[in-house]
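# Tertiary structure, described
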Amino acid sequence: MPVTPSYTFTETLAGVFVDVAIKGVVVKGTTAVFTSRCFIKVNAPPYLFACDLFGDVDVANSSATVDAKGVSFKLAKVEQGMWGQLQATGDKRELMERRNAAIEEEHERTRGAHEKKKSVITTASKNATDRTIDMDSQKRQTIEARKEAELQAERDDIDAWKASLESGQAKVQENRSLPPPPPPPPTTTTSKSAVMEEESDEEEEEEDEDEEEGSWAQEEAERRKAAREAAVPSPTPPSEQPLVQRNAAPAPAEPPPPPRATAPAVKAKFTELESKMPARESREVELKKLRDDNKRAIAARSAEQDGESLADRQPLFLKDRGDVALKRGDFGGAIRAYNLALEKDPNVPGVYANRAIAHMKREDYESCVEDCTAALVALESRFEAGEFLTDDEAAARNVAAAPTKIPTTSDMRAQRFKLLMRRSSALGQMALPDRALTDAEAALRLRPDDQDVALAVDELRVAAAPDSAAAMRTLGERRFGAKDYGSALEVFGSLVSLLRTSPDGASSRDVVSAIANRAACRLALADFDGAVLDCDDGLATLLDLDGDDHPADSRVLSARAASTLSTPDAAANASLGAMLLARKASALAHLRRRRESAETFRHAGSLRRAMGDAGTASDLEADALAVETDADAAGDAALPPLA
């Protein structure tokens, strides 16, 4: 149940400053702050602050600051002026319609801003994509141009190389067309001396001819060398081949060898096992079937293990998988993972407990109750099996310093408390308040100081016995103590109706006490007009005034109550009358009916003094003097005398 935090506010002509105190709560990302034209809200579990503003504020020029102390609002007023109060008063339906309209306006503004931001992001992304495409296109064109230039350069090189080959072939053909050298002179048979003389003469002639033909031979050698370099190389240099061979046509190429014949395939034949023994022969079929069955079983088990990961075979891994899905909000996936974990091990209380949470989130309250019950049974069986250490054993073994978690009886009580409260909540949703009350009371016995559980117990007692005035009064007082004034107002209103329509005839003191508590709730909610009406109703009931005797003037009623209840016969009701007069005076001060407020404070003080409570009487008289001083400063008119 949310708790209303304390707050303070100050104002100027142009703005309102509200400080909401969040005590004992670490401010996190879950702290939600909402501001609209006439409504502000702070949601920081377990605190919830919601306020309908007295006037309209400019959301665009307002701000909220979240820090360790709480939330501070700086609200700019639409129209300058003093409000005198923070919360708006009036009909609840009109206030709710005003709040919903302001919330819808703020949501529309937020959606518009979100769509505008989304459009800007989309446009920027599209422009960036277009720029990227243009850059890629330019790069591709540049690469293609470079490739074409390189290809053209290679083509030019190939054309130049072909031209050089053609010029070299022309030179070879020119060299081949030259006349061959003259053949050597024929030899004749002569005597040795004649031959020697002829040889000496020929040598002298050759020396002379060599000198004349040296230049021609050198030129011929250079031309042949150039032709060899330009011609296609051959295995044998052209200078070493005879002229006839160089001019001859090339020899035909040698034909390839015939393909090899394909070798025949090798066939292996194994000798089959034959049994010569009759007993062995009769068992061969059975043994073969057994071996085949074993092979199939091994293959199936291997395939199953290959297809199923380690996480699918371990309950703890499956529980972790379910926990991740539960935190992610995938309640169906979490339930499936928990189901698999329970198939592997059906005695894990934590799996039942977490699956109950998933069922609760899906509003499957019946399944939630079943899982909570199963978790409690599993927890009890583990406790009976001795798996939990007592607190003394845990302290002796220094469990807190152990590297792994060792469950203790304190852990078991904490788990049992959570399961009982979860099952109680589910039973309450199933409209079974009696069973829900039993679980809540069991949880309260585990934690007797937990105020939230005590409040839940009181609410369930009222739900289980709606005609019980005592249970309803206890619930209202507990809600008021928790500062849940709106809920307390509803409870005390129901209590007043119940007491006034009770067939047993409730006492007027019980009715007036409920009315006084309802007036206190209205004061806390800044419903000052309603508080004044409640106080007048309580005073009239206390004085036992019917419709004809009820004075029309509220001042007359206050004065009559002060004089009547100060007598010894009415001493039993004097305390209630003084309480109602003091609360009425406070409400009148907030309504700026300061003269009437001071008068009512004096009536309450005189009644307290008649009761013998001088200290409280002095405080009330001091309040009357302070309010009257404010009235003088504000220039309020004096009250007319009572009729």
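For the structure, check the block above.
Cut-offs and rules
- Residues numbered from 1 in each chain as written.
- Predicted model: local features only at pLDDT ≥ 70, side-chain atom pairs only at ≥ 80, totals over all residues.
- Heavy atoms only, no water.
- Helix = DSSP H or I, 4+ residues; strand = E, 2+ residues; numbered from the N terminus.
- Buried < 20%, exposed > 50% of the residue type's maximum accessible area, 1.4 Å probe, protein only.
- Contact = heavy atoms within 4.5 Å.
- Areas by Shrake-Rupley, 256 points an atom, 1.4 Å probe, with all protein chains shown as cover.
- Core = buried A, V, L, I, M, F, W, Y, C linked by side-chain atoms within 4.5 Å.
- Pairing = 2+ DSSP bridges.
- Salt bridge = Lys/Arg side-chain N within 4 Å of Asp/Glu carboxyl O.
- Axes fitted to C-alpha atoms, helices over the stretch in contact; angles between N-to-C directions.
- Parallel < 35°, antiparallel > 145°, perpendicular 65-115°, else oblique.
- Left-handed = near helix turned anticlockwise from the far one by under 90°.
- Nonpolar A, V, L, I, M, F, W, Y, C, P; charged D, E, K, R; others polar.
- Expected span 1.5 Å × (residues − 1).
- Arc of directions from axis to C-beta.
- Phe/Tyr/Trp six-rings, centres within 6.5 Å; stacked < 30°, edge-to-face > 60°.
- Patch = residues over 30% accessible without salt bridge, like charges linked within 9 Å, V, L, I, M, F, W, Y side chains within 5 Å.

## A look at the overall build of the chain
A count of helices and strands for the chain gives 20 helices and 7 strands. Relative to its full complement of 643 residues, the chain shows a buried share of 31%. Expressed as a percentage of contacts within the chain between residues at least 6 apart in sequence, the contacts between residues at least 24 apart total 55%. A total accessible area of about 41700 Å² is found for the chain, and carbon and sulfur atoms account for 54% of it.

## Quick notes on the nonpolar core
Counting residues in each nonpolar core, the largest one holds 34 residues, and the members touching the most others are Val351, Cys368, Leu419 and Ala426. Elements with a minimum of two residues in this core: helix 5 (315–328), helix 6 (331–344), helix 7 (349–361), helix 8 (365–384), helix 10 (409–429), helix 11 (433–446) and helix 12 (451–464). Those residues in contact with Cys368 that lie beyond four places of it in its chain are Ala356, His359, Met360, Arg422 and Ala426. Judged by nonpolar contacts, the second largest core, of 28 residues, contains Leu539, Leu543, Leu576 and Ala585.

## Here's the deal with the pairing of strand 3 (residues 32–35)
Every regular strand shows the same layout, with side chains that alternate between the two sheet faces. As paired strands, strand 3 and strand 4 (residues 39–44) are joined by 4 bridges and run antiparallel to one another. Within strand 4, the residue paired with Thr35 across the bridge is Ile40. Two successive antiparallel strands, strand 3 and strand 4, enclose a turn made up of 3 residues.

## Quick look at the pattern of salt bridges
A side chain of one charge can pair with a side chain of the opposite charge if their charged atoms are brought near each other. Taken as a whole, this structure holds 30 salt bridges when the rule is applied. Note that Arg99 and Asp52 form a salt bridge whose closest N and O atoms lie 2.6 Å from each other. Of the two residues, Arg99 sits in helix 1 (residues 92–176) while Asp52 sits in strand 5 (residues 47–52), which places them 47 residues apart along the sequence. Under the relative-accessibility criterion, Arg99 is labelled buried at 19%. Classification of Asp52 as buried rests on a relative accessible area of 12%. Arg423 is the salt-bridge partner of Asp439, the closest N and O atoms lying 2.8 Å from each other.

## Focus on the sheet that holds strand 4
With antiparallel pairing, the 3 strands of this open sheet are ordered in space as 3-4-5. Edge positions in the sheet fall to strand 3 and strand 5, since each of these pairs with one other strand and no more. Averaged over neighbouring strand pairs, the angle between their axes works out to 0 degrees when direction is ignored.

## A short note on the sheet that holds strand 1 (residues 7–11)
Taken in spatial order, the 4 strands of this open sheet run 1-2-7-6, and their pairing is antiparallel. The open sheet has two edge strands, strand 1 and strand 6 (57–66), and neither has a second partner. Put simply, the sheet's adjacent strands are angled 15 degrees from each other on average, direction ignored.

## Considerations on the packing of helix 5 against helix 7
The N-to-C vectors of helix 5 and helix 7 enclose an angle of 20 degrees; their axes lie 11 Å apart at closest approach. Judged on the interaxial angle alone, helix 7 and helix 5 are roughly parallel. Seen from above, helix 5 lies across helix 7 with left-handed handedness. From helix 5, Lys319, Asp323 and Leu326 reach across to helix 7, where they touch Gly350, Val351, Asn354, Ile357 and Ala358. Its residues placed into classes, the contact of helix 5 with helix 7 shows 4 nonpolar, 2 polar and 2 charged.

## Observations regarding the pairing of strand 5
Two strands pair when backbone bridges link them, and strand 4 and strand 5 are joined in this way by 6 bridges, in the antiparallel orientation. The partner of Val42 across the bridge, within strand 5, is Phe49. Adjacent in sequence and paired antiparallel, strand 4 and strand 5 are bridged by 2 residues.

## Digging into helix 13 (residues 469–481)
Taking 1.5 Å per residue as the helical rise, helix 13 with its 13 residues ought to reach 18 Å, and the 18 Å between its terminal C-alpha atoms agrees with that figure. What helix 13 keeps buried is the set Ala469, Ala471, Met472, Leu475, Gly476 and Arg479. In a view along the axis of helix 13, the buried residues occupy a sector of 160 degrees, so they form one face of it. The inward-facing, buried residues of helix 13 contact helix 12 and helix 14 (485–500). One or two steps after helix 13, the chain reaches Lys483, where phi turns positive at roughly 65 degrees.

## Examining the environment of Glu104
Mapped onto the secondary structure, Glu104 falls in helix 1. For Glu104, a relative accessible area of 40% gives the class partly exposed. Remark: the alpha-carbon pair of Glu104 and Ser36, spanning 68 residues in sequence, is separated by 9.0 Å.

## Description of the packing of aromatic side chains
Here the structure, examined in full by the defined rule, presents 4 aromatic pairs. Their ring planes at 55 degrees and their centres at 5.0 Å tell us that Tyr7 and Phe49 sit as a pair that is tilted. With Tyr7 in strand 1 and Phe49 in strand 5, this pair connects stretches of sequence that are 42 residues apart. Note on Tyr7: relative accessible area 30%, which makes it partly exposed. Taken together, a centroid distance of 6.3 Å and an interplanar angle of 45 degrees make the contact between Phe54 and Trp83 tilted. Of this pair, Phe54 sits in the loop between strand 5 and strand 6 while Trp83 is found in the loop between strand 7 (70–77) and helix 1, placing the two residues 29 residues apart along the sequence. Residue Phe54 is classed as partly exposed on the basis of its relative accessible area, which comes to 38%.

## So, unusual backbone geometry
With glycine set apart, most residues show a phi of negative sign, and most peptide bonds adopt trans. A positive phi is found at Glu363, a non-glycine position, where the angle reads about 60 degrees. With respect to the helices and strands, the residue Glu363 is situated in the loop between helix 7 and helix 8. Since its relative accessible area comes to 57%, Glu363 is described here as exposed.

## Some words on the packing of helix 19 (residues 594–611) against helix 20 (residues 614–634)
Between helix 19 and helix 20, the shortest axis-to-axis distance is 8 Å and the interhelical angle comes to 165 degrees. On the basis of their axis angle, the class for helix 19 and helix 20 is roughly antiparallel. Read as a crossing pair, helix 19 and helix 20 show a hand that is left-handed. The residue makeup of the contact of helix 19 with helix 20, split by class, is 10 nonpolar, 4 polar and 10 charged.

## Structural notes on a nonpolar patch on the surface
Taken together, the side chains of Ile158, Trp161 and Leu165 define a hydrophobic patch exposed on the protein surface, amounting to about 300 Å² of accessible area. Along the chain, Ile158 turns up in helix 1. A relative accessible area of 42% places Ile158 in the partly exposed class.

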